[in-house]
Amino acid sequence: MQTVITATKRETGSHSILTQLRKDGKLPSVLYGFNVEETTPIYFEYKEMAREVQRNGVNHIFKIQLGDKTYNAIIGEIQRDALKGNVKHFDLLSINMKEELEVDVPVSIVGDSIGVREGGVITQPNTDLKIRVKPSDIPDSIEIDVSSLGVGDTLSLADVRDQIPFDILNDDDYTIATVTPPTPPAEDADLEAAGMTADDVEATGEKLDPNKPGRTD
């Protein structure tokens, strides 16, 4: 059963009002969209909303009770405290459950990459995909298998678009994952930077300085 979260209208016009709300354990927000006559400033009990987000994820459809009306809504933009990282404010978009909408869904890369087994490092330049979908079909995440990626390989959306059962709005060259070569040991990197090889290093392990004469004994 979907939890109904109670929202309360709030005053606007002063930064101190928002500060006091947060001190009192409230979470400022705004509600707009389907069946909302105008953007409405509201607030929630912070702990209650945080609990629902942790339980269901940010792409969950929240049932919001405001006065005598109930709205189906999703979280839009989230504002966080720059130092503490906790949520300060977010937008709630009221939606029509019968119409498709555009949402950003997290990408979860799965599989044991060949390149990683060979010592490479996998990176994920983009962590979400924008899809068009019915509200009831919004996934928590989209899994993409990177098992076949070798060292130096890049996986773009064009490579996997046909494997994803959603209407994806990103371009084909949208990068999902890459496997970069392993970082050489620090000593090898120093030698390479100096244009030297291991044969240039004396048995003592000291590196030759190209600006100083070598040993004469």
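Up top is the structure.
Enquirer: Please clarify how the packing of aromatic side chains should be interpreted in this entry.
Expert: To describe a pair of aromatic rings, you give the distance between the ring centres and the angle between the ring planes. A complete count under the given rule lists one aromatic pair for this structure. With a centroid separation of 6.1 Å and 20 degrees between ring planes, the pair formed by phenylalanine 44 and phenylalanine 90 is classed as stacked. Taken together, the residues phenylalanine 44 in strand E3 (residues 40–45) and phenylalanine 90 in strand E6 (residues 87–94) connect sequence positions 46 residues apart. Each of the two residues, phenylalanine 44 as well as phenylalanine 90, counts as buried.

Enquirer: Just checking my understanding: could you explain the sheet that holds strand E10 (residues 142–145) for this structure?
Expert: Backbone hydrogen bonds hold the strands of a sheet together, and the pairing may be parallel or antiparallel. With mixed pairing, the four strands of this open sheet are ordered in space as E10-E7-E9-E12. With one partner strand each, in any of the chains shown, E10 and strand E12 (167–168) form the two edges of the open sheet.

Enquirer: Could you clarify how one ought to interpret the nonpolar core in this entry?
Expert: Inside soluble globular proteins, nonpolar side chains tend to come together where they are buried. Counting 24 residues, the largest nonpolar core has Val103, Leu129, Ile144, Leu157, Ile164 and Ile176 as its most contacted members. Counting only elements with at least two residues in this core, the list comes to strand E7 (101–110), strand E9 (128–133), E10, helix H4 (157–160) and strand E13 (175–180). Looking at which element gives the most residues to this core, the answer is E7, with four residues. In this view, isoleucine 144 contacts Val107, Ser108, Ile109, Val110, Leu129, Leu155, Val160, Ile164 and Ile176; residues no more than four positions away in its chain are not counted.

Conventions used here
- Each chain carries its own residue numbering, running from 1 in the direction its sequence is written.
- Selection of residues for local features in this predicted model requires a pLDDT of at least 70, selection of side-chain atom pairs for listing and counting requires 80 or more, and totals for whole chains, interfaces and linings are taken over all residues.
- The basis for every side-chain value is the complete set of non-hydrogen atoms in the structure, without hydrogens or water.
- Classification of ring pairs uses Phe, Tyr and Trp, with its six-membered ring standing for Trp, and accepts pairs whose centres are within 6.5 Å; under 30 degrees between planes counts as stacked, over 60 as edge-to-face, and the remaining range as tilted.
- Runs of H or I in DSSP of at least four residues are treated as helices and runs of E of at least two as strands, each being numbered from the N terminus.
- Burial status follows relative accessibility: with a 1.4 Å probe on protein chains alone, a residue under 20% of its type maximum counts as buried, one over 50% as exposed, and anything between as partly exposed.
- A strand pair is defined by DSSP finding two or more bridges across the two strands.
- In this description, a nonpolar core means a group of buried Ala, Val, Leu, Ile, Met, Phe, Trp, Tyr and Cys residues linked to one another through side-chain atoms lying within 4.5 Å.
- Contacts are assigned to residue pairs that have any heavy atoms within 4.5 Å of one another.

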